[in-house]
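# Structural overview for review
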2 protein chains.
Amino acid sequence: MPRRIPVSTTRPTTLADIARQAGVSVMTASRAINGSGYVSEDARKSVMHAVEKLNYRPNLSARQLKVRRLDAIGILLPDIANPFSSELVNGMKRVLDPEGYTVFIATGNRSTRQEDASLQSFLDHRVDGLIVATRGTAMGDKALRSVVQQGVPLVTIGRPIHFRGVDSVTANHYQGAFDAVTHLIRMGHKRIGFIGIAPAHGKQLRRYQGYLNALREAGIEPREEYTVGPTEGPAFATQEDGYHGMLQLAQLHRPPTAIFARNDFTAIGAMHAAHTLGLSIPDDVAIAGFDNIPLAAFTMPPLTTVEQPIAQQGEEAARFLLERIRGRSQDRTATMECRLIVRQSTDLRLRNSHR
Amino acid sequence: MPRRIPVSTTRPTTLADIARQAGVSVMTASRAINGSGYVSEDARKSVMHAVEKLNYRPNLSARQLKVRRLDAIGILLPDIANPFSSELVNGMKRVLDPEGYTVFIATGNRSTRQEDASLQSFLDHRVDGLIVATRGTAMGDKALRSVVQQGVPLVTIGRPIHFRGVDSVTANHYQGAFDAVTHLIRMGHKRIGFIGIAPAHGKQLRRYQGYLNALREAGIEPREEYTVGPTEGPAFATQEDGYHGMLQLAQLHRPPTAIFARNDFTAIGAMHAAHTLGLSIPDDVAIAGFDNIPLAAFTMPPLTTVEQPIAQQGEEAARFLLERIRGRSQDRTATMECRLIVRQSTDLRLRNSHR
DNA sequence: CCGATTTAAGTTAGCGATATCACAGAATCT
DNA sequence: AGATTCTGTGATATCGCTAACTTAAATCGG
């Protein structure tokens, strides 16, 4: 471990400096600053004046050592490029800021090892609670279980949890996918493909289950060759996956007339492949995605997709966490409904709109 | 301020617990764990054994209080939806992780007040250094100046800094824009529009200056009516801005035959408007963007754009910060070159490629 | 074989904050 | 009036950790 030479310019102001400047004891200064206990108006004023003058900021490490509370919560995200992340954090902040909590973010960068490291960092810094929005893995589950055992309040987002002591919030991906595929069926499609995961790995993927069941409920037996995608299980599917998936499906003897893509990125890749192949959308092939990323309204044609209430998931998770921190011990779960947004990539009759 | 009831399940293990369990003094335990000073092999082993058994993790607040070092650095980002953010953080982590630093991220959400709050939070927690990647504002500058005065090592990214004691890293946006516009001129265009900022507010925007000078250097006098965009100064320009900007330019008596958009989102909005108007790209209007977001290769047609070395900026910023923390006091600045990526939105002759 | 060095521990004293106890004077109650 | 409560303040002891000092045995070189 390399040595670090500190560049101590001026020592930061401490409570003792304030007390000296204000002519009171440190305890009185502390009380004045925190508004606890009895402090005369005179004393309060001169302390506040000193705080202002010396530009005092309490040392949170010192405070935390004593009160065992950091007023900070940690958020673990899979990665920040993800279009969710921002909205999710906004939702959480909306709830946590007014309560005086600071929010720190760390990312796992899709690597379980990095996720564990970030999680450990939060624990080492003794945050008051954790919100974890990374994808579920066996290794990750083990780490989370130990978090719970250590008594640190924990809420997960979009991740099924298999043990107690945790709250969780999720969107109804199953229903969203079901609705999207049902919409395609209503538009007259019978041969509907899924791009985003290899058939063998789709058991865990609720979006895929929604796709399968929508077909079955309409009396259409899903065909395995209509499902294409990466085999990496819960990995995020990309534009490239969508592009290659579409090419693959187009080569079939009787190719699908409609595509339900695992997410909007995948859908955009599929659209691109369709253009390349000279297929027109939605006449030759209809395409629907999932997530309603900002760009979805700006593809050509605009993309039909499913919107999940991201900010609300963040808010709810934050509320759950606050309740946990304040002592609730029963587990709670919230499932938020998704909303189908029909645009021209599946229905030409719609006006060209950005909504 | 609401009261918080702690849910103390089991008190976390302390060094004293370890010492007791291992049958040594706390100091020996500390030395064994930190690998400092002399510790016999026997003692080290039994301490490590106790650490393992009791699942001990040092209390970083307590340690920080003593050693005045947190081994953590704070990163302030404008918002996380931004496609940079992720890459930027990856670059930083690549440098900081191996040095034993933990990275915490906070966002300002494009609000100066929130940025200040996040910055203050980092300072209150006494991080060892700060990397700030938010857009420059007067209020923000003031806050940063005070950071420097407090002796906290600071590096900025993509933000011109007007005072000393700060390192900064930036991409050569000017050159990138210059190259893109020069490319448009070489493709035979003479009437080239800029979408992304109102002409009166473009003074600060290096991308706009690059546009103007590329025109002038080619002997083309820029026309004010060819520049359209929001008036909010350094705000981020969106798809909507691009869409409306394109509509506006198309209404001119002699509309531009090429568009240089402030960023890829704006370019995508403009492309969408062009499609809506029945203009073909690049025959009726060529369009170039900036940033090379992942989707840029998947628009129809693929978008010509300028790529800036994001991860490298993150790495360099992290290296600068480490040097500062270790005592360097001269200011350093790095400017990274951008790279023009020509695709079919400006040049039809190219093969359809995703590179 | 003896002083000097190295190795291996333990003791003490804080870091900067707050909880707790102690105490004095003012205000209120019975 | 005397007891009781309310105000306002300060002294002291920690929180969990490590720097600095101290002690003591082991090792070493001439």
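Structure first, text after, so check above.
Below is a short write-up of the structure. Please read these numbers as outputs of a predicted model, since none were measured by experiment.

## Observations regarding the protein's contact with DNA strand C
- Taken together, the neighbourhood of DNA strand C is formed by 25 residues, with A:L15, A:S30, B:S25, B:S40 and B:R68 sitting nearest.
- Backbone atoms, meaning sugar plus phosphate, form 60% of the atoms of DNA strand C positioned within 4 Å of the protein.
- One of the side-chain nitrogen or oxygen atoms of A:S30 is found 2.5 Å away from a phosphate oxygen of DNA strand C.
- Contact between DNA strand C and A:A62: a base nitrogen at 3.2 Å from a main-chain N or O atom of the residue.
- For the surface near DNA strand C, the secondary-structure elements that each account for two or more residues are α2 (26-34) and α4 (60-67) of chain A together with α2 (26-34) and α4 (60-67) of chain B.
- In terms of residues, the surface near DNA strand C owes the most to one element, α4(A), which gives 5 residues.
- Of the residues in the surface near DNA strand C, the class split is 13 nonpolar, 7 polar and 5 charged.

## Some points on α2(B)
All names here are of chain B.
- The complete set of buried residues in α2 reads T28, A29, S30 and A32.
- On its buried face, α2 is in contact with α1 (15-22) and α3 (41-54).
- Positive phi shows up at G35, right after α2, with a value of about 65 degrees.

## Some points on the pattern of salt bridges
- As enumerated under the stated definition, the model contains 38 salt bridges over all chains in all.
- The salt bridge involving B:R328 is made with B:D167; its shortest N-O contact spans 2.9 Å. Here B:D167 lies in strand β5 (residues 167-171) and B:R328 lies in the loop between α12 (310-325) and β11 (333-336), a separation of 161 residues in the sequence.
- Overlapping salt bridges bring together A:D167, A:E323, A:R324, A:R328, A:D331 and A:R332 as one network.

## Side note on the nonpolar core
- Grouped together as the largest cluster of nonpolar side chains are 54 residues, with contacts concentrated most on A:I73, A:L77, A:I131, B:I73, B:L77 and B:I131.
- Not counting the four nearest positions on each side in its chain, A:L77 is found in contact with A:S85, A:L88, A:V89, A:I105, A:A106, A:T107, A:G108, A:A133, A:T134 and B:I80.
- With 46 residues, the next largest nonpolar core counts A:V285, A:L303, B:I268 and B:V285 among its residues.

## Some words on the relation of the copies chain A and chain B
- Rotating chain A by 180 degrees and moving it 0.0 Å along the rotation axis overlays it on chain B with an RMSD of 0.1 Å. Given the turn and translation reported, the copies of this chain are related as if by a two-fold rotation axis.
- The residues that chain A uses at the interface reappear at the interface of chain B in 99% of cases, marking a shared surface.

## Brief notes about the packing of helix α1 (residues 15-22) of chain A against helix α3 (residues 41-54) of chain A
Residues and elements named next belong to chain A.
- At a minimum axis separation of 9 Å, α1 and α3 run at an interaxial angle of 120 degrees. By the angle between their axes, α1 is oblique relative to α3. In terms of crossing hand, the pair formed by α1 and α3 is right-handed. Facing α1, whose interface residues are D17, I18, Q21 and A22, α3 presents S46, V47, A50, V51, K53 and L54.

## Topic: the protein's contact with DNA strand D
- DNA strand D sits among 25 residues. The nearest are A:T28, A:S40, A:R68, B:L15 and B:Y56.
- Backbone sugar and phosphate groups make up 61% of those atoms of DNA strand D lying within 4 Å of the protein.
- Between DNA strand D and A:K66, the relevant distance is 2.8 Å, taken from a base oxygen to a side-chain nitrogen or oxygen of the residue.
- With respect to DNA strand D, the side chain of A:R68 contributes an N or O atom lying 2.4 Å from a phosphate oxygen.
- Listed by contribution, the elements that provide at least two residues to the surface near DNA strand D are α2 and α4 of chain A together with α2 and α4 of chain B.

Parameters at a glance
Residues numbered from 1 in each chain as written. Chains lettered and ligands numbered in written order. Predicted model: local features only at pLDDT ≥ 70, side-chain atom pairs only at ≥ 80, totals over all residues. Heavy atoms only, no water. Near = heavy atom within 4 Å. Polar contact = N/O pair within 3.5 Å; in protein donor to acceptor, adjacent residues only side chain to side chain. Helix = DSSP H or I, 4+ residues; strand = E, 2+ residues; numbered from the N terminus. Nonpolar A, V, L, I, M, F, W, Y, C, P; charged D, E, K, R; others polar. Buried < 20%, exposed > 50% of the residue type's maximum accessible area, 1.4 Å probe, protein only. Contact = heavy atoms within 4.5 Å. Salt bridge = Lys/Arg side-chain N within 4 Å of Asp/Glu carboxyl O. Core = buried A, V, L, I, M, F, W, Y, C linked by side-chain atoms within 4.5 Å. Least-squares fit on C-alpha atoms with pLDDT ≥ 70 in both. Axes fitted to C-alpha atoms, helices over the stretch in contact; angles between N-to-C directions. Parallel < 35°, antiparallel > 145°, perpendicular 65-115°, else oblique. Left-handed = near helix turned anticlockwise from the far one by under 90°.

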